[in-house]
Structure formats: structure tokens, C-alpha cells
Amino acid sequence: MENGFSSDEDTDVSDSEVEDYEEESYTALRTGNHRICNPDGTFRCPFCAGKKKRDYQFKDLLQHATGIGASSSRKGSLKANHRAFARFLQRDLAPSISLPPADLKAAVTAAAVPSAPRSPSPSPLSSLTTAAAADSEPPPEEEVFVWPWMAVLVNADPSDAEGETNSLADQLAEFHPTDTVFLHLEKGGRSTGTTVIVKFQHSWGGFENAMYFEKRFKASRCGREQWIELQGDVSSTLYGWIARSDDYNEDSGIGRYLRKHGELKTIKQVTEEENKEKGKLVANLAYQIDVKNQHLHDWEVRNNKTNLVIHQLIYEKDKLHQAYNDEMRNLQRTARDTTLKIFEENEKLKAELDLKRKEVESRSKELDNKEAQNEDERKKLDDEKQKVEEASMLQKETEEEVLRLIEEQKKEKEAALARVLQLEKEIDHKQQLELEIENLQWNLKIMKQMEGEDAADIQEMEQKLEREREELESLNNTLIKKERESNDELQAARKELLTGLEDLLTGRTLIGIKRMGELDEKAFQNAAKKKFKSDEADIKAAELCSSWQEELKNPSWHPFKIVVTNGKEEELLVEDDPKLKKLWIEYGDDVCNAVKTALKELNEYNPSGRYVVPELWNFKDGRKASMKEIVQYIIKHWKSSKRKK
């Protein structure tokens, strides 16, 4: 199946149905759902898609369709299709491709078969060829005409040129001219009459009208030959003919006008130029179709990639939800099992107490019924009752105490863990001091045992070392004091720089002011655009960012843990904190990382206040800017502004 038609192997029809099948095939061909023209200007048969030869000239294709349609050995469906195709080529395709009359007549003559089922109605071009052949032979292909098509009309009425009458326009109306140009010519000092150049359409329809124009004047013996014979006659008789090379090359007003507004071409040249233009148009359209198909393919690939990413994200989201639900289900199951176990133990204890109570009550009744029961037994029974009630109350208190002890044990474990870490620090410090003392004692022992030195020298050396130690300690205290003063001055200078450089350090600069602990709004805006509509995304992003900025100020939320690495304590962020985990599930990595970064900055720069603080920052290296870098930047900016002034 190709282009909506069935091949001859698919179906067959009887001879009585050939006529109807031919009409259906012809109607389908006229709808345009077929491919007949190739990009290179050749043609193809839509009913012979599987054959080796697929490229035909128009004449060969018409002969192919007519031959198969008239064959007696072919199937009925194939003959009907090719008969309809032959009709379509002659009636519909030939006028649309502007086939020259000579080529069309040759194609029809070559394809004619005596046994054809019906003769197609003549097209406008074939009727022109038949009418022109009745009076004279058609012009050969080598005959040269003036292009665009023009005709010469002499002895016209001068009043028509001045617009006084419309008799000439009425006479030429049946030839459908596009324009008429009046030329007033003189020869030998006297007027030769008014000559009119009649212009026709730049198509084969215009050529048909021009040939019909010449035929009419020839039939009235008012053609070019008669005008040449009676050239001295200036009577009012109109003479007309189609412009050819003789008129074009004539040294007169007619020749000059034709050379200025036209050129000489044969029918073959006009046909080749038209075919060339059509070939270019077809190639251009084919190229545009290929480009659009490639664009469509690219968009399909992009769409498939996007769908794949979306499906992958949905799968990962479902997987995270499933893992979260499984974990919550396990926690609920564990809590439920623990609660059931406690309830079962309580029920068991209650059952034992009820059994004891019933036994006591039964025994009490028996004792009441006995008259011989003495007072001691009655007291003993009351004591047992009281003990049972006390045991019940004790059981209740015990349960409350167990819950309280569990909570206290949890707190004691946390305190013990903190105490262990503190003791480890103290032990490390103590071991370091002991090691220093041992080293000093060992050095002292070595010095005492040195040969050639007596006790006085050793004592003198000890005093000297003591003096040096005191001097070093004094120097150390002085240095510490100066360091504190320098640090205080440095911090005061940084604060003054922060205050003074707020207006200077704006925009994209190497050294700037960064608000430590402030959330990155861009991450929240990107997440809100993905989750909410565009008109409410900015509002939702602002609300979410503001709520988490307030959450960072909450002193009760401190998702950090202390880890000892190489003898040093470090505070690390708890990655599986419930709040951070929930935030990551709802809004993704960017928002969660922004909150983590703000938490780390607050814990480093303002752990007690938990509010945003400004800091001079080196944005290139992503670190705190040194005083040297700040001073260098200020000097560079000052020199630049001074140079501009």
C-alpha cells in the first residue's frame, strides 16, 4: 500500500465493475493524496511502487498508463487504475505543470491506443493545438518568439490612444491581454499610423491567447505577410501578429521597444527555464520538509528525555516514600508490641490480684460464718486485706516509678556520655602534664649525674633555669596580653570596616560583606517554581524562607554532635535529623543544603545568639577575608577613584 492506493496483487474486479472502479480511482487521484512528481522534475506511477523503473518523463508516463489500461492480459483493478491515471495526467496534471502544446500533442499521440475505453475530454492546451492545426502547422520548437509574449497591432485608431473611445479594448477583450502600449511611428517625414504592442500573461495560457490572436488575423488575411505586402497602405484596416525575431531585430520603433522590454526565446528555452524554476522550488520545499522533520525529531528526542527524567524522579520519590512508610510502619509495630507486652503484664498482675481478692473474700465469708473464729484470726484476715490493697497500690506506684526511671536513665546516659568525654579530655591533659614532669625529672637526674659537676654547680644551674623560666613566663604573659589587645583592636577595626564599607562593597566585588547564617533565597525560589504555580511561587518561597530563618533562631534545635578525631573535639552536623530529612523529602537537595550551610555558619560565628551577623568575606576563595586583603582592596579602589577624578 502506498499513498492510499492498493497494488494489483491486493484486490481484483470483474469486467463489469471496471467502469465504477475507474471512477473511484480517478476521484481519489484528484483529492491529491498521492505522490507523482519527483524532486528532480521526473514523474512516477503510484500503482507500480514495487517496480524497478520509477522515474518517467511525462510523455513516457502517459504512454505507460495508457498501455497498461488497454492491455487485455492485465487484471481488472490494475487496468482501471491506469485508465484513471491516464485521464488524470491529460485533464488535471498537464495544465498545472504548463506543458508546452507541442510536447503535450506529442505525448497524447504517442500514448494513443485504439482500444482505449474512452477518449478524454480535450484540455485547453490540446484544443488550442487542434484549432491552430486547422489553419496552419504548429510552430516548430526552433521558432523564436519575444518573451514575455507580445503581439503587434498596426493601423489602430489614434482616438483609442487618447482614451476617447474603447473600441480597441472591446475588440481585444476575447484575447485577454494584460496591457496595450500605443506607439506613434513616422517614416520619411509622414505618419505611418498608430501601432499597438499587445502584451499577454507570462504563462502558457498567455501563449495560447497570443497564438489565437495571430490565427484570427491570419484567417482574415490581416497578418504580418499581408502587412509587408501592403506596407504603403495606411488605411484603417487592423493588422496583427505575434512578435518574433524579425520584429525584434527590426530597426524601427517596434524593434526598439521589443528589445527594450523583452528578449528572444524558443519554446524549448521557456520550457527549460520553467522546469528549472520548478525543480528549484521542489528542491527548496523538500529541503524545508527535511529541516522541519529534523526539528520534529529533535523535539521528540527532547520530549522523550524529559519524560525519562520525570519518570526517574517519580520512581525515586515513590521509593523514598516507600522507605519512609516502611520505617514508620516498623516503628509503629515495635511501639505496639511493647505496649501490648506491658498491657499483658498488667492484665496478668490484675488477674492475680483479683484471684487473691476473691480468695480473701471467700475466706472472710467462711470466717464470718464460723462462730468459733477468734479475734486474732479476724485481725490476721484484716491485715491480709490491707496487704493486698497495699500491694495493688504498690504495683501502680511501681509502674509509674518504672516509667520515671526509664526517663531518668535516658538522661543519665546522656550525662554519663558527656562526663566520659570530659574525663577523657582531663585524662589526656593529665597524661600530657605527667609526661612533661617525667621529662623534666629525667633531665634533672641526668644533669645530677654528669661528671665533673658538683652540687653547687647543679644548684646554680637550677637557679639559672628558674630565673629563665620566670622570665619566659613573664614574657609569655606580656605576649598574651599584647595578643589580646591586638585581637581586640583587630575586631574593633573589622567592625568599623563593616560599618564604613557597607556602601562601598556593593554589587559583584572580590571582597564583600556576607551575612553569616542568612538563608539563600534563590534555592527556595527554584524549589517553589517547581512545586507551585508561577503566580504564587514567589510568595510561597518568601514564606518558606522566612519560616526556616525563624526556625534557625530556635535555641532548642541544635542538630550537632561532638566527635573526637585525633584527640580533638569537633562539632558535626547530624545529617539524619528529622527536620532536615523532612525538608529534603519535600523540597529537594538545594533547599536542604541552604539550611545546612546557614546552620554551620551560625554555629561557627554566633552559636549563643543564633542571629545573622555580617562578616567581611573573600568571595573568590569562599573564606573569611584577612585584614591585609581588605586594606589592599581599599587602597586599590581609592587609587582607581583618584585616577578617574
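See the structure above.
Source: prediction; values computed, not measured. (Residues numbered from 1 in each chain as written. Predicted model: local features only at pLDDT ≥ 70, side-chain atom pairs only at ≥ 80, totals over all residues. Heavy atoms only, no water.)

**Regarding the sheet that holds strand β11 (residues 623-624)**
Quick note on the threshold: Pairing between two strands requires that DSSP report at least two bridges joining them. Helix numbers and strand numbers start at the N terminus; a helix is a DSSP run of H or I with at least 4 residues, a strand a run of E with at least 2. Whether two residues are in contact is decided by their heavy atoms, any of which lying within 4.5 Å being enough. Each axis is a line fitted through C-alpha atoms, and for a helix only the stretch in contact is used; angles between axes span 0 to 180 degrees, taken between their N-to-C directions.
Pairing in this open sheet of three strands is antiparallel, and the strands run β7-β10-β11 from one edge to the other. Each end of this open sheet is capped by a strand with a single partner; those strands are β7 (511-516) and β11. Sheet strands in contact with helix α18 (residues 589-605) are β7, β10 (613-618) and β11, and its direction is about 95° off that of β7.

**Focus on the packing of aromatic side chains**
We describe a pair of aromatic rings using the distance from one ring centre to the other and the angle between the two ring planes. Definition in use: Two rings belonging to Phe, Tyr or Trp (six-membered ring only in the last case) form a pair when the distance between their centres is within 6.5 Å. Interplanar angles under 30 degrees mark stacking, angles over 60 mark edge-to-face geometry, and anything in between is tilted. Using a 1.4 Å probe on the protein chains alone, a residue whose accessible area is under 20% of its type maximum counts as buried, one over 50% counts as exposed, and one in between counts as partly exposed.
Under the definition given, this model contains 14 aromatic pairs. Judged by centre distance (5.2 Å) and plane angle (80°), the ring pair of Phe175 and Phe213 falls under edge-to-face. Residue Phe175 is located in the loop between α7 (167-172) and β3 (179-187), and its partner Phe213 is located in helix α8 (residues 204-219); the two are separated by 38 residues in the primary sequence. With respect to burial, Phe175 and Phe213 carry one shared label: buried. Three or more aromatic residues joined by ring pairs make a cluster, and in this case those are Phe145, Trp147, Trp149, Trp204 and Phe207.

**Remarks on the pattern of salt bridges**
Convention followed: Whenever Lys or Arg places a side-chain nitrogen within 4 Å of a carboxyl oxygen from Asp or Glu, that contact is recorded as a salt bridge.
Taken as a whole and assessed by the stated rule, the structure comprises 16 salt bridges. A salt bridge links Glu273 to Lys265; the nearest nitrogen and oxygen atoms lie 2.5 Å apart. The class for Glu273 is partly exposed, based on a relative accessible area of 38%. Its relative accessible area of 7% is what places Lys265 among the buried residues. Arg329 is the partner of Asp326 in a salt bridge, and the nearest nitrogen-oxygen pair spans 2.7 Å. Remark: Arg329 and Asp326 occur in helix α12 (residues 267-369); sequence separation between them is three residues, near one turn of the helix. For Asp326, a relative accessible area of 28% gives the class partly exposed. On the basis of relative accessibility, which here comes to 41%, the residue Arg329 falls in the partly exposed class. Here the residues in one salt-bridge network are Glu22, Glu23 and Arg87, joined through shared partners.

Honestly, it's all geometry; don't read function into it.
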